[in-house]
There are 2 protein chains.
Amino acid sequence: MNVTGHTRRPASIRDVATAAGVSYQTVSRVINGHPSVRPSTRERVLAAIDELGFRRNATALALASGRSRAVTVLTANTTHYGYASILQGIEEAARAASYAVGIGVLESAEDTAVAAEVQRAADAGGGIIVIAYDPAGVRALGAVPAGLPVVGVVETPASPPGGDRPWVWADDREAAYQATRHLLALGHETVHYVAIPSSTRRTSARTSGWRQALKEAGAPEPRPAQSSWGPAGGHAAGLELAKDESVTAILCGNDDLALGVLRALHEAGRSVPGEVSVAGFDDAPHSAFLTPSLTTVRLDFTGLGRAAFALLHGVLEESAPVAPHPVSVPELVVRESSGPPPS
Amino acid sequence: MNVTGHTRRPASIRDVATAAGVSYQTVSRVINGHPSVRPSTRERVLAAIDELGFRRNATALALASGRSRAVTVLTANTTHYGYASILQGIEEAARAASYAVGIGVLESAEDTAVAAEVQRAADAGGGIIVIAYDPAGVRALGAVPAGLPVVGVVETPASPPGGDRPWVWADDREAAYQATRHLLALGHETVHYVAIPSSTRRTSARTSGWRQALKEAGAPEPRPAQSSWGPAGGHAAGLELAKDESVTAILCGNDDLALGVLRALHEAGRSVPGEVSVAGFDDAPHSAFLTPSLTTVRLDFTGLGRAAFALLHGVLEESAPVAPHPVSVPELVVRESSGPPPS
DNA sequence: CGCATGAATGTGACCGGTCACACAAGGCGC
DNA sequence: GCGCCTTGTGTGACCGGTCACATTCATGCG
């Protein structure tokens with residue numbers, strides 16, 4: 001252990017080499033586990049490393065070797081539950097693999113701003129993971145220069161993506177399908193949908209899962225209400241829907257939206273689930289404790305983050321385990337906010 | 001612009017130098033804005049930079065200069081609203097200053113695990129910001145080796161900290177004081193408190209603000225209920241408190257806790273705010289949309305994050321603006337969950 | 001008019017690692 | 001006993017920047 005408290009320049013491999021009476025290259029061999037080093041030599045070097053408190057300089061390593069053992073996560077937001085959970089999953093897997101995790105927030109979806117952020121991420125050196133659930137993220141994913149190692153966390157693709165696109169996703173189309181079927185099975189004539197902003201111009205995966213379930217059941221398909229990400233958007237959409245007496249079931253693009261809808265229905269004097277059933281999406285931690293508690297579909301965001309990192313890891317390193325996506329399937333969680341329609 | 005699509009090795013300053021017909025040092029001068037470069041020369045260099053699509057290699061810069069323009073944020077969690085908002089504030093300020101933001105999650109509060117994370121952060125090179133609201137964070141803050149540039153985001157210190165400790169905080173003691181006074185002013189005999197895990201063995205700042213308000217009002221001081229961070233903890237604490245008929249006002253250490261308490265009171269058949277008033281802490285985005293909507297104290301977490309970065313920036317660079325903490329004061333937000341006690 | 005001064009530019013070393021290769025010593029086959 | 005391969009170790013160049021210093025040339029001043 002280094003007991004000389006002085007904050008001097010940290011020891012380099014040459015310092016260690018001098019202390020151990022070998023060349024710097026031998027030290028390099030020891031710290032990299034190279035086989036042809038005599039055990040006694042290795043011993044001396046390890047002792048010197050310990051004594052000097054040597055730690056390999058990550059910057060120099062990155063410069064010399066080209067490998068930087070770092071990931072930068074690009075995301076439009078860090079506070080939304082889903083995004084934050086994905087980030088946490090990525091960090092967890094990265095930590096296990098001794099990778100550093102950087103973060104870049106896409107504050108605006110404007111092209112030049114997005115391009116600047118992508119550049120910054122590229123400058124950082126390592127791999128890039130883009131959370132592409134929203135326009136900013138999708139744009140960022142598209143703006144990453146070819147050749148850079150990048151993985152996208154995306155919505156369920158409309159069709160199984162060609163080739164081996166470096167994408168991961170939770171099956172949110174299936175999740176929307178399940179939730180919609182649940183509501184229909186309760187006897188509702190149809191299910192209205194309050195949508196999160198779609199990531200592309202085309203229909204989002206969640207929307208299409210909902211649509212598919214309606215179609216299969218022969219239920220009429222109301223126009224989805226385009227909303228925002230937060231409860232305020234859900235509240236606004238909910239006030240609109242509350243005016244329509246025929247609305248008895250509402251599926252929301254996420255739990256925050258559902259919260260806003262619940263509040264709007266409450267303000268409009270419509271009881272849940274007595275008059276209107278509501279279901280959310282994501283199973284955020286607070287959803288179980290709302291009154292009424294929220295029926296929702298649990299998505300494994302943390303696992304999704306881990307899968308994203310694993311995929312990137314495989315791209316960056318030959319030796320990395322190339323596991324298939326171990327993202328668990330969505331799970332419908334039925335709580336108090338859904339029930340049969342009023343008779 | 002670089003239009004040759006080939007993904008070859010990016011241009012270095014020597015490539016630019018050759019293209020512009022100058023030495024690499026001159027290129028270095030141009031990109032660093034050194035004054036003594038002839039305008040015509042500067043022009044040629046800039047043209048070459050543009051043509052080759054040159055970008056300064058951050059890794060090499062860090063290695064050669066020692067300055068890495070990077071911050072690592074150590075936090076116990078990325079999904080809780082307060083933590084995530086602080087992170088977002090840090091990132092925002094860091095981005096404005098062209099700093100990279102890294103993140104390390106303190107998954108366990110165990111000493112060796114914390115020490116390992118701190119080491120990783122130190123290895124990253126730049127400054128460190130520790131979110132020290134919980135035992136893991138506090139331990140991490142203490143484990144940072146002397147001499148490293150570090151800023152702690154802490155609870156309000158018990159006494160104005162000696163010297164110029166590199167700490168920032170929102171005035172959460174004042175916030176708790178305000179919330180408690182609000183409840184007392186409504187006529188409640190006393191206010192019960194459901195506490196977040198205290199960051200130290202001693203009493204947390206929020207607890208002491210609450211206690212101070214009670215003392216000033218001459219109200220009896222019930223034993224605070226020690227809880228966790230999430231709604232589940234609040235729920236458990238709330239079920240206990242609901243058994244006690246004399247409880248008419250409950251202050252919660254954060255909004256998630258308050259949510260759990262609201263649910264517990266609902267389950268116990270006690271109306272809010274008719275029989276019991278509840279107040280939270282933080283003003284999370286969903287709190288305004290709960291039913292009943294939650295009275296809470298808004299804390300400027302984003303500003304706190306920005307302040308933390310500004311302070312660190314000042315430590316790392318002479319030239320950085322050394323602004324005083326611009327963290328806004330806590331603001332009481334009165335909503336539906338608080339009212340006069342039952343008569 | 002000569003020399004000190006400063007602007008504009010170039011050269012070599014260095015940051016702390018890795019990589020490619022050279023080289024010495026020991027074991028083995030022929 | 002000679003050559004050859006293997007094992008263990010050292011040397012020099014390099015990654016892409018910065019820094020300290022040297023050099024050149026024009027200018028100002030005594």
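One can find the structure itself at the top, above this paragraph.
Computed from a prediction, not measured in an experiment: that's the story for all the values here.

(A) Broad picture of the overall build of chain A. Counting its secondary structure elements, chain A contains 12 helices and 11 strands. Against the compact-globule benchmark of 20 Å for 343 residues, chain A has a radius of gyration of 26 Å, which places it well outside the compact range. Taking the principal axes of its C-alpha atoms as reference, chain A extends roughly 90 × 40 × 35 Å. Taking all 343 residues of chain A together, 50% fall into the buried category. Long-range pairs, those at least 24 residues apart, make up 70% of the contacts in chain A with a sequence separation of at least 6.

(B) Focus on the relation of the copies chain A and chain B. Note on the identical chains: chain A maps onto chain B by a rotation of 180 degrees and an axial translation of 0.0 Å, with an RMSD of 0.1 Å. Here the symmetry operator amounts to a two-fold rotation axis. Residue Gly102 of chain A of chain A places its C-alpha closer to the rotation axis than any other residue of that unit, at 2.0 Å. Interface overlap between copies is the fraction of interface residues in one copy that are interface residues in the other; for chain A against chain B it reaches 100%, indicating a shared surface.

(C) Summary view of the environment of Asp255 of chain B. Residues and elements named next belong to chain B. The topology assignment puts Asp255 in helix 11 (residues 255-267). In this structure Asp255 comes out as buried when scored by relative accessible area, which is 2%. In this structure the C-alpha to C-alpha distance between Asp255 and Arg139, which are 116 residues apart in sequence, comes to 25 Å. Sequence-distant contacts of Asp255, defined by excluding residues within four places in its chain, comprise Gly280, Phe281, Asp282, Asp283, Ala284, Ser287, Leu294 and Thr296. One polar contact links the side chain of Asp255 to the main-chain amide nitrogen of Ala284, over a distance of 2.8 Å.

(D) How the structure looks around the interface of chain A and chain B. The interface is formed by 47 residues belonging to chain A together with 47 residues belonging to chain B. For the pairing of chain A and chain B, the buried interface totals around 4100 Å² over both sides, and the portion due to carbon and sulfur atoms is 56%. Together, Arg95, Arg263 and Phe289 of chain A form the three largest contributors to the area buried by chain A at its contact with chain B, with a combined 17%. Between chain A and chain B we count 8 salt bridges in total. With its nearest N and O atoms 2.5 Å apart, the salt bridge here joins Glu336 of chain B to Arg263 of chain A.

(E) Representation of the protein's contact with DNA strand C within the structure. In the region of DNA strand C, 29 residues are neighbours, and Arg14, Gln25 and Ser28 of chain A together with Thr26 and Thr41 of chain B sit closest. Restricting attention to atoms of DNA strand C within 4 Å of the protein, one finds that 51% of them are sugar or phosphate atoms. Between a base nitrogen of DNA strand C and a side-chain N or O atom of Gln25 of chain A, the distance comes to 2.3 Å. Ser23 of chain B is positioned such that a nitrogen or oxygen atom in its backbone is 2.8 Å from a phosphate oxygen of DNA strand C. Broken down by secondary-structure element, the contributors of at least two residues to the surface near DNA strand C are helix 1 (13-20), helix 2 (24-31) and helix 4 (58-65) of chain A together with helix 2 (24-31) and helix 4 (58-65) of chain B. A per-class count over the surface near DNA strand C returns 12 nonpolar, 10 polar and 7 charged.

Reading guide: rules and limits
- Residues numbered from 1 in each chain as written.
- Chains lettered and ligands numbered in written order.
- Predicted model: local features only at pLDDT ≥ 70, side-chain atom pairs only at ≥ 80, totals over all residues.
- Heavy atoms only, no water.
- Helix = DSSP H or I, 4+ residues; strand = E, 2+ residues; numbered from the N terminus.
- Rg over C-alpha atoms; globule rule 2.2 N^0.38 Å.
- Buried < 20%, exposed > 50% of the residue type's maximum accessible area, 1.4 Å probe, protein only.
- Contact = heavy atoms within 4.5 Å.
- Least-squares fit on C-alpha atoms with pLDDT ≥ 70 in both.
- Polar contact = N/O pair within 3.5 Å; in protein donor to acceptor, adjacent residues only side chain to side chain.
- Buried area = accessible area lost by both parts, 1.4 Å probe.
- Salt bridge = Lys/Arg side-chain N within 4 Å of Asp/Glu carboxyl O.
- Near = heavy atom within 4 Å.
- Nonpolar A, V, L, I, M, F, W, Y, C, P; charged D, E, K, R; others polar.

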